[in-house]
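# Overview (structure and organization)
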Amino acid sequence: MSKVKSSSLGYPRIGEQREWKKALEQFWKGVTEKEDFLKHMEELRLNHLKKQLEQGIDLVPVGDWSMYDHMLDTAVMFGLVPKRFHYNGGKVTLETYFDMARGNASAVACEMTKWFNTNYHYIVPELDQHTPFLSENRPLQFFKEAKQKLGITGKPVIIGPISFVKLAKGYTKAEFVQMVHLFVPLYAQILKELEEAGAEWVQMDEPILCSTLTHEDIQLFKDVYGLLSEAAPGINLTLQTYFDSVDFFEEVVSLPVQGVGLDFVHDNGQNLEALKKYGFPKDKTLAAGVIDGRNIWRADLEKCFRLLEEVSEYAANLIVQPASSLLHVPVTVKNEEKLHPVLKNSLSFADEKLREIGILSDGLQGGREKAADEIAASSSAIRTFGDLSERQYQEVREKMENLQALNRERSAPFEVRHQAQEAAFKLPILPTTTIGSLPQTPEVRKERLKWRKGEITHEAYEQFIQNEIKKWISIQEDLGLDVLVHGEFERTDMVEYFGEKLGGFQFTKWGWVQSYGSRCVKPPIIYGDVFFKAPMTLKESIYAQSLTSKPVKGMLTGPITILNWSFVRNDIPRYAVAKQIALALRKEIKNLEEHGIRMIQVDEPALREGLPLKRRNWDSYLHAAVDAFKLATASVKNATQIHTHMCYSNFKDIIEAIDALDADVISIETSRSHGELIGAFEESVYSKGIGLGIYDIHSPRVPNVEEMTRNIDRALKVLNPRLFWINPDCGLKTRGITEATGALAVMVDAARQAREKLLAQWNEAETSENSHSTEVSKTIQTRLVLPPDTNHLQTIFGGKVLAYIDEIAALAAMKHANSAVVTASIDSVDFLSSAKVGDALSLEAYVTSTGRTSMEIYVKVTSTNLLTGKSTLTTESFLTMVAVDDNGKPVPVPKVIPLTDEEIRLHATAAARKEHRINRASIR
């Protein structure tokens, strides 16, 4: 039998009743003195260690605990403080630490994004303009604290250097390896000092190993961990992975470390398959993650025990542990007194998962019979839970069998819908709105609590909510917003609210988990089939709309976000659950539309976060996500405008999926990345309505007009101003009234200034004698593809198409300039498909923008099969032409006035293409 130890990878920070959260917020408000705050935090930290010891865990993690976020902790440990926070070296102060996380009056907060495919947000380290140094050995401090005050030799937990740099920003791809090596001596120093202090095991988290990597990345791991192992030969280094399988299995388990942690829960069986194929080094320890650290269901101990027995055949030394940190689950089930006994008996939170680890490790070490009673109890609880009638709702199952009969496509393309919506709403250019929620004041929370406790009647509570809606409709109108929201005062967490209204959900009292900073959420439990019970948002939406002539958005949470932000049943496929949710939302949307709510926002802030870590699995996930969204939204009429909202993400990864949602308007959080996410739209065309959040609601600071104007101006360089919306980057629930109204007033002012500037430019162009509309230059030609034009495959030569493009572009330019022209550059040519012998080529060209003497021309080539009538876009190209006189010298050209949506979009994005062209030329 293998040598067996038990371990944990990390424990929830927040406390059984969110003591950590409350302590933080009291300190931020100035209620608690710094010394008292630090003392309280130490008590909480040590209590967490004690609880793990009491569960019999052999290797208790230290250093996984944080005041805010573990990536931020690592950044400040290396002195990586952005210059805007005026850091002068040495240990980073607590005040500066929190300023980086939350911003202050003069400096915006650091960017925040999702931790892999979880709902936890981390602070993104900024590496540019920094030389890292060890400002403090944080793991050493926590190790010593645990040893001195509890007498334990803890297991320090550290974000590994390669994952840390991969998840940071402020360097180019070419600089990655060099940047990693800057940190290696610092990590070596940390490990040396831990070795001297008596540390035996160190957990080095490298979750990036479960993403899509290259051979070069694996070589970097070999180089880096070779150096780190040499630096502290007396320490057992465990290279910890989680959230998926390891692709380069043979290379990873052979790295110069003493232990390798693998996820046997979320690996789809691939880690086990690789273990059987390649084996495991006899001189290393395998840390087997067999308990789900991300969901709350009681483990099937029989199944886990069989898995561990199989794994132990290949590993002489074994650590039994969760598959990931327990940060992602609540603390304990014991306080859930109101849950149905059968459901409660099927749950396992952090403390219970540690107990499961202990049972498995004891049974594996001492013999299966030692764990026989617990294994039998586990199997019995799972069977009893599976027999609940709510798990299979016949009406839902019948609807799921007939899904193909429901349309997933809107009845008209966006261009047609946009015209209908413009006529219906008559909004100004650059319309302003908010994302949905408005401040949840202490008074709102107090009244909700009184209602839940039965201290006030349902009628009194509803009247209170109506009063809040009425007050805030008036405030929004006074601020000058164009599209209003009812404020969501009746809701706590957005997913929890809908879960309470749908069948198949249950709720905990203390099932909180950390989302970001002190922000905690209480995910609902999807334990049965999901179904529509009664209207969920109709009453509040109708009432809000009755108070104003301006449009009020109906506010829903989308199916993928409800799925990703819930603890989901694990007995049927996840995306079957998503479709059940979509069917319920589809009915709610129909109700809203029938009652006159013609703007409906279906938020999907969690769509990007659900992407699998492996790129090869992205398409199947995105297809399922898009399908669920369209199943929920596609049935509405053309004049009904569907909005959606998404949170921090690298949208370049999913721009095609965003477009495929076919929402009329999408709003995206961009402010915390300081406008960098706009780059996704510099490289990709997006031709529907879009709002790039122009200020950060997660920070208490109120930005000024200049900051917001910069974000607006940047967006308008790449997006069609006739389709651009102005909004905050997320809901305002967590902000105070003064903060929210102050920032919205600035936002409306910035929008007004941008609108006036834009309209002035258009008026100037329209009244200028020296300007032409795009109709003047528009040129159309048709050519037949003949055999001499084609290659041996009977498809047209690319060079022939280029010649046609150059010719028609010159004609369009000459018509606009009324002079001769020369081709300055063919800026881009995209061959999308091929034309064949007998096809008709239709070429269309027009001037999209002008400089003093230059013109950008857009050429579109369409191929039509004359026998079938089928047309296909084959080629798109942008060229730059310069007008010249008889002596060949450049001459000024008229300005261009775009008319259609396509022309306006191309005109708006021309500056970005010009910048790209200049940058490309500078390389030469």
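Up top you'll find the structure we're talking about.
How each quantity is defined
Residues numbered from 1 in each chain as written. Predicted model: local features only at pLDDT ≥ 70, side-chain atom pairs only at ≥ 80, totals over all residues. Heavy atoms only, no water. Axes fitted to C-alpha atoms, helices over the stretch in contact; angles between N-to-C directions. Helix = DSSP H or I, 4+ residues; strand = E, 2+ residues; numbered from the N terminus. Parallel < 35°, antiparallel > 145°, perpendicular 65-115°, else oblique. Contact = heavy atoms within 4.5 Å. Nonpolar A, V, L, I, M, F, W, Y, C, P; charged D, E, K, R; others polar. Pairing = 2+ DSSP bridges. Buried < 20%, exposed > 50% of the residue type's maximum accessible area, 1.4 Å probe, protein only. Polar contact = N/O pair within 3.5 Å; in protein donor to acceptor, adjacent residues only side chain to side chain. Phe/Tyr/Trp six-rings, centres within 6.5 Å; stacked < 30°, edge-to-face > 60°. Core = buried A, V, L, I, M, F, W, Y, C linked by side-chain atoms within 4.5 Å. Expected span 1.5 Å × (residues − 1).

A few words now on the packing of helix α11 (residues 301–312) against helix α14 (residues 372–386). Across the interface, α11 lies against α14 with an axial gap of 8 Å and an inter-helix angle of 125°. The orientation of α11 relative to α14 falls into the category oblique. Within the contact between the two elements, α11 uses Leu 301, Glu 302 and Phe 305 and α14 uses Glu 374, Ile 375, Ser 378 and Ser 379. Looking at the contact of α11 with α14 residue by residue, the classes come out as 3 nonpolar, 2 polar and 2 charged.

Looking now at the sheet that holds strand β18 (residues 599–603). Read from one edge to the other, the open sheet built from 7 strands follows the order β11-β16-β18-β19-β20-β21-β22, with strand pairing classed as parallel. Both edges of this open sheet fall to β11 (484–485) and β22 (724–725), since each of them pairs with a single strand only. The sheet contact formed by strand β20 (residues 665–668) and strand β21 (residues 689–692) spans 4 bridges and is parallel. The residue bridging Val 665 from the neighbouring strand is Gly 689, located in β21.

This brings us to the environment of Ile 589. Looking at the secondary structure, you find Ile 589 in helix α22 (residues 574–594). If sequence neighbours within four positions are ignored, Ile 589 has contacts with Leu 556, Ile 600, Val 602, Ala 632, Thr 633 and Val 636.

Here we come to the environment of Glu 593. Considering the arrangement of structural elements, one finds Glu 593 in helix α22. Relative accessible area serves as the criterion here: at 9%, Glu 593 is assigned to the buried category. Sequence-wise, Glu 593 and Gly 554 are 39 residues apart; in three dimensions their C-alpha atoms are separated by 9.2 Å. If we ignore the near neighbours within four places in the chain, the residues touching Glu 593 are Arg 598, Ile 600, Val 636, Lys 637 and Thr 640. A distance of 2.8 Å separates a polar side-chain atom of Glu 593 from the backbone nitrogen of Lys 637. Within the structure, the side chain of Glu 593 is placed 2.6 Å from the side chain of Thr 640, a separation counted as a polar contact.

Before going further, it helps to spend a moment on the sheet that holds strand β15 (residues 525–532). Strands belonging to one sheet form pairs held by backbone hydrogen bonds; the direction of such a pair is parallel or antiparallel. Here we have 3 strands laid out as an open sheet, ordered β12-β15-β17, and mixed in their pairing. Strand pairing shows two members of the sheet lacking a second neighbour, β12 (502–506) and β17 (567–568), which therefore form its edges. In this sheet, β17 lies alongside β15 in parallel orientation, the contact comprising 2 bridges. Paired with Ile 525 across the two strands is Phe 567, which belongs to β17. Packed onto the sheet, α22 meets β12, β15 and β17 and runs at close to 40° relative to β15.

So, about the packing of aromatic side chains. Evaluation of the coordinates by the stated rule reveals 25 aromatic pairs. A ring pair is formed by Phe 78 and Tyr 187, whose centres lie 5.3 Å apart and whose planes are at 45°; its orientation type is tilted. With Phe 78 in the loop between α3 (70–77) and α4 (94–102) and Tyr 187 in helix α7 (residues 176–197), this residue pair connects regions lying 109 residues apart in the sequence. Exposure class is identical for Phe 78 and Tyr 187. Each is buried. Ring geometry for Tyr 858 and Phe 878: centres 5.2 Å apart, planes at 40°, overall tilted. With Tyr 858 in strand β27 (residues 854–864) and Phe 878 in strand β28 (residues 871–884), this residue pair connects regions lying 20 residues apart in the sequence. The class for Tyr 858 is buried, based on a relative accessible area of 3%.

Here we come to unusual backbone geometry. It is generally the case that most residues other than glycine have a negative phi and that most peptide bonds are trans. Positive phi outside glycine occurs at Phe 243, with the angle close to 85°. Along the chain, the position of Phe 243 falls in the loop between β7 (236–240) and α9 (249–253). Residue class for Phe 243 comes out buried when judged on its relative accessible area of 4%. The phi torsion at Asn 818 lies on the positive side, around 55°, for a residue other than glycine. In this fold, Asn 818 is placed in the loop between α29 (798–817) and β25 (820–831). Classification of Asn 818 by relative accessible area gives exposed; the value is 64%.

Nonpolar side chains in soluble globular proteins tend to be buried together. Grouped together as the largest cluster of nonpolar side chains are 147 residues, with contacts concentrated most on Phe 78, Trp 115, Phe 164, Phe 183, Leu 194, Leu 228 and Phe 264. Top element by residues in this core is α7. It accounts for 11 residues. Not counting chain neighbours up to four residues away, the residues in contact with Phe 183 comprise Phe 78, Leu 80, Leu 127, Pro 132, Phe 164 and Val 165. In terms of nonpolar packing, the next biggest core, distinct from the first, is built from 107 residues, Met 536, Val 718, Leu 732 and Ala 912 among them.

For helix α2 (residues 34–54), built from 21 residues, the straight-helix expectation of 30 Å at 1.5 Å per residue is met to within 8% by its first-to-last C-alpha distance of 30 Å. Among the residues of α2, Phe 37, Met 41, Leu 44, Arg 45, Leu 46, His 48, Leu 49, Lys 51 and Gln 52 are the ones counted as buried. Tucked inside the fold, the buried residues of α2 contact α1 (19–28), β2 (61–62), α4, α5 (138–150) and α13 (350–366). Downstream of α2 by one or two residues, Gly 56 has phi in the positive range, about 85°.

Spatial relationships are all this shows, so hold off on functional conclusions.
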